[in-house]
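# Tertiary structure, described
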Amino acid sequence: MNLFKSTVGRKILMAVTGLCLVGFISVHLIGNLSVFAGPDGINAYAEHLHALGPLVWVFRLIMLGLFAVHITFGVQLYLENRAATPDSYAVQKSLVTTFSAKTMVFTGLIILAFLLYHLLHFTVQITNPDISAHNLALDAANRLDVFTMVTKSFHNAFIVLVYIVAMVALTLHIFHGISSWVQTLGWSTGTSQDKVTAIGKLVAIAYGLAYIAIPLLLLARIVK
Amino acid sequence: MDLTLHVWRQKGPQDKGKLETYPAKGISSDMSFLEMLDEVNDGLIKSGQEPIAFDHDCREGICGMCSQVINGRPHGKQEGTTVCQLHMRQYNDGDEIFIEPWRAKAFPVQKDLIVDRTSLDVIMQAGGYVSCHTGGVDDANALLIPKPTADYAMDAAECIGCGACIAACPNSSAMLFTSAKVAQLAALPQGKPEARKRVLAMTQAILDEGFGNCTNHYECEAACPKGISVKFIAKLNREYLKTMMPTSTGA
Ligand code: HEM
Ligand code: SF4
Ligand code: FES
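Residues numbered from 1 in each chain as written. Chains lettered and ligands numbered in written order. Predicted model: local features only at pLDDT ≥ 70, side-chain atom pairs only at ≥ 80, totals over all residues. Heavy atoms only, no water.

## A short note on the site of ligand 2
All names here are of chain B. Neighbouring residues of ligand 2: 13 residues in total, closest Cys159, Cys162, Gly163, Cys165 and Cys224. Contributions of two or more residues to the shell around ligand 2 are made by helix H4 (164–168) and helix H5 (175–187). Class assignment of the residues belonging to the shell around ligand 2 gives a composition of 10 nonpolar, two polar and one charged. (Near = heavy atom within 4 Å. Helix = DSSP H or I, 4+ residues; strand = E, 2+ residues; numbered from the N terminus. Nonpolar A, V, L, I, M, F, W, Y, C, P; charged D, E, K, R; others polar.)

## Description of the interface of chain B and chain A
Listed as interface residues are 43 residues of chain B and, on the opposing side, 39 residues of chain A. Of the roughly 3400 Å² buried where chain B meets chain A, counting both sides, 56% is carbon and sulfur surface. Applying the counting criterion to the chain B and chain A interface returns zero salt bridges. Scanning the region where chain B abuts chain A turns up 28 residue pairs in polar contact (both at pLDDT 80 or more). Each residue belonging to the side of chain B that touches chain A can be placed in one class, and the counts come to 23 nonpolar, 13 polar and seven charged. (Contact = heavy atoms within 4.5 Å. Buried area = accessible area lost by both parts, 1.4 Å probe. Salt bridge = Lys/Arg side-chain N within 4 Å of Asp/Glu carboxyl O. Polar contact = N/O pair within 3.5 Å; in protein donor to acceptor, adjacent residues only side chain to side chain.)

## Re the site of ligand 1
Residues in close proximity to ligand 1 total 24 residues, the closest being Lys11, His70, His173, Ser180 and Thr184 of chain A. Each of chains A and B places residues next to ligand 1. Within the side chain of Thr184 of chain A, one N or O atom sits 2.8 Å away from an oxygen atom of ligand 1. Of all the secondary structure elements, the ones that give two or more residues to the shell around ligand 1 are helix H2 (7–33), helix H4 (54–83), helix H6 (104–123) and helix H8 (157–184) of chain A. Among the residues forming the shell around ligand 1, the class breakdown is 13 nonpolar, 10 polar and one charged.

## Here we look at the packing of aromatic side chains
In the structure shown here, the tally under the stated rule is 12 aromatic pairs over all chains. With centroids separated by 6.1 Å and ring planes inclined at 40 degrees, the aromatic side chains of Phe24 of chain A and Phe59 of chain A adopt a geometry described as tilted. Placement of Phe24 of chain A in helix H2 and of Phe59 of chain A in helix H4 is noted, with a sequence separation of 35 residues between them. A cation sits over an aromatic face here: Arg60 of chain A above Trp57 of chain A, 4.8 Å from the ring centre. Positioned above the aromatic ring of Trp8 of chain B is the side chain of Arg103 of chain B, whose terminal nitrogen or guanidinium carbon lies 4.2 Å from the ring centre. (Phe/Tyr/Trp six-rings, centres within 6.5 Å; stacked < 30°, edge-to-face > 60°. Lys NZ or Arg CZ within 6 Å of the ring centre and 35° of its normal.)

## Remarks on the coordination of the iron atom of ligand 1
Residue and element names in this part refer to chain A. Distances from the iron atom of ligand 1 to its protein donors, His70 (NE2) and His173 (NE2), fall at 2.0 Å. For the iron atom of ligand 1, the six donor atoms are set out with angles of 86 to 179 degrees between them, so the coordination reads as octahedral. Of this pair, His70 sits in helix H4 while His173 sits in helix H8, and the two are 103 residues apart along the sequence. For His70, a relative accessible area of 14% puts it in the buried group. (Donors = N, O, S within 2.8 Å, 3.2 Å for Na, K, Ca; no water. Tetrahedral: all angles 85-135°; square planar, octahedral: opposite > 155°, others 65-115°. Buried < 20%, exposed > 50% of the residue type's maximum accessible area, 1.4 Å probe, protein only.)

## Quick notes on helix H1 (residues 33–46) of chain B
Residues and elements named next belong to chain B. Taking 1.5 Å of rise per residue, 14 residues should cover 20 Å, and H1 covers 20 Å from first to last C-alpha, within 8% of that figure. Turning to H1, its buried residues number three or more, namely Phe33, Leu34, Met36, Leu37, Val40, Asn41 and Leu44. For H1, the angular spread of the buried residues around the axis is 150 degrees, confining them to a single face. Those residues of H1 that are buried are in contact with strand E1 (3–9), strand E2 (18–24), strand E3 (69–70) and strand E5 (96–100). The first or second residue beyond H1 is Gly48, which carries a positive phi of 80 degrees. (Expected span 1.5 Å × (residues − 1). Arc of directions from axis to C-beta.)

## Details of the pairing of E1 of chain B
Residues and elements named next belong to chain B. Burial runs high along E1: six of the seven residues are buried. Note: E1 against E2, seven bridges, orientation antiparallel. Note that in E2 the partner of Trp8 across the bridge is Leu19. Pairing analysis gives four bridges linking E1 to E5, with the strands arranged parallel. Bridging from a neighbouring strand, Val7 pairs with Ile99 of E5. (Pairing = 2+ DSSP bridges.)

## A few points about the domain arrangement of chain B
All names here are of chain B. Domain parsing of chain B yields domain 1 (3–111) and domain 2 (117–242). Each of domain 1 and domain 2 was reduced to a C-alpha centroid, and the two centroids are 28 Å apart. Listed by partner, the interface residues are 20 residues for domain 1 and 20 residues for domain 2. A combined buried area of about 1400 Å² lies between domain 1 and domain 2, and 59% of that area is made up of carbon and sulfur atoms. Taken as a group, Pro74, Ala106 and Phe107 account for 35% of the area that domain 1 buries against domain 2, more than any other trio of residues on that side. If you look at where domain 1 meets domain 2, you find one salt bridge. Notably, a salt bridge pairs Arg117 with Asp55, separated by 3.4 Å at the nearest N-O pair. Where domain 1 touches domain 2, the interface holds six residue pairs in polar contact (both at pLDDT 80 or more). The residue makeup of the side of domain 1 that touches domain 2, split by class, is nine nonpolar, seven polar and four charged. (Domains from an automatic or database assignment.)

## Considerations on the packing of H8 of chain A against helix H9 (residues 193–219) of chain A
All names here are of chain A. Relative to each other, H8 and H9 sit at 165 degrees, their axes nearing to 8 Å. As the angle between them shows, H8 and H9 are arranged roughly antiparallel. Crossing of H8 over H9 shows right-handed handedness. Residue composition of the contact of H8 with H9, by class: 21 nonpolar, seven polar and one charged. (Axes fitted to C-alpha atoms, helices over the stretch in contact; angles between N-to-C directions. Parallel < 35°, antiparallel > 145°, perpendicular 65-115°, else oblique. Left-handed = near helix turned anticlockwise from the far one by under 90°.)

## Considerations on the packing of helix H3 (residues 39–50) of chain A against helix H7 (residues 146–153) of chain A
Residues and elements named next belong to chain A. Two numbers describe how H3 lies on H7: the axes approach to 8 Å, and their chain directions differ by 115 degrees. Contacts from Pro39, Ile42, Asn43 and Ala46 of H3 reach H7 at Val146, Phe147 and Val150. When its residues are assigned to classes, the contact of H3 with H7 shows six nonpolar, one polar and no charged.

Spelled out as structure tokens, the structure:
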């Protein structure tokens, strides 16, 4: 089908999947912030999620599909664009583009690497077995103690560093991406362009700060 | 004023090419950039050297032939200006100026600063036209077109096909050039019958000719001597999306 081969079609697929991923990081952020509400926040949240049973697996498969499409075309477009630009200029100048736009594939790959680590850390729980919820005592309400797993993890400066680097990459990625889709899906007009881009950058920074706050505030013991 | 030029010299398509340094002495600030190069070439010819080959034709900013990246900016530092309309008053005595050809796989260098832009013609041939019957000419204004639509199409039609957008694009994407024509014709009643076919054919030609994919850097708009807006790329994307919708006639 043309959609999977065309220069615009593949961009549209990237924009739609990228947008779904932004939806995911929005919901995920709200869930994560429940750690600030203590064990009754995040442990209850985790229990509700697990109570969904097979739906969790449906959701995981959808996420896998989204990432597969987004990454496949992201890397493919990047390689084609490199091939289309074999020689660089002796004097190279950017007029309006941003560092974030120029590094999409790299920040994307950092996110991917982080994603694998993150799943091993909190989902499969094999990177730090001693502080994994599976190996910890249940909490007062007989729930898996996700709260202790998260807080203990983020008392480890190295783990916090990994998370912060990854969240900076995510912020850079959506700094461009969160407004780029408006253009890709053909919604921008000459007059809306600048405003949409500015709002996108602000929203990206807000996401970044919120995501980074979790490990950082726990490490600094500002939130316990 | 006296300047130092670093100019890309390449004997032919197969040659590797390299930057050569030339002094440009006694340049008047009233000269255009191309006249400055004419002077330098005069000197090169008199001293038995090969003059610098560069493209140019109208020298009034309408043909799109002049194609030089000057200090990293296609068409030089003055916004909304082609190289031929750039004047030496923009420069100061003692300036160093790097002059390079458009760089993209789809624009092979022929000689020095001259690149082959046939690839743009191929994109145009793929769909940058409207089919019409010959014969009696329609009455002028028989077909009503709202003024804002006419203005919109006219803004898009300002593209002179110079290729600066591709030269400026980190991906060597030809989206701004292509979108200008797609948007111009899609906005007008004469262009609507072939709108679907056009956007599919022209975007396919982009890839076939070895251009890259647009990733919304907007360098093209900033470099365009005619101020073509990236809103036309959004319009092209809309036109592409429309090809996925069923038509009211069921086709
Ligand atoms: C939760 C994670 C992610 C989110 C929220 C996200 C979001 C987005 C969004 C919204 C766009 C803009 C699409 C457009 O231009 O219309 C985008 C573009 C892009 N993404 Fe992601 N993405 C994520 C993960 C990844 C990963 C893992 C990769 C791996 C390579 C990646 C690679 C790219 C590339 C290369 C682009 C540029 C495409 C372009 O600008 O044309 N992304 N992303
Ligand atoms: S869009 Fe602008 S830069 Fe690109 S070919 Fe047309 S006039 Fe030149
Ligand atoms: S020579 Fe015609 S536009 Fe410059």
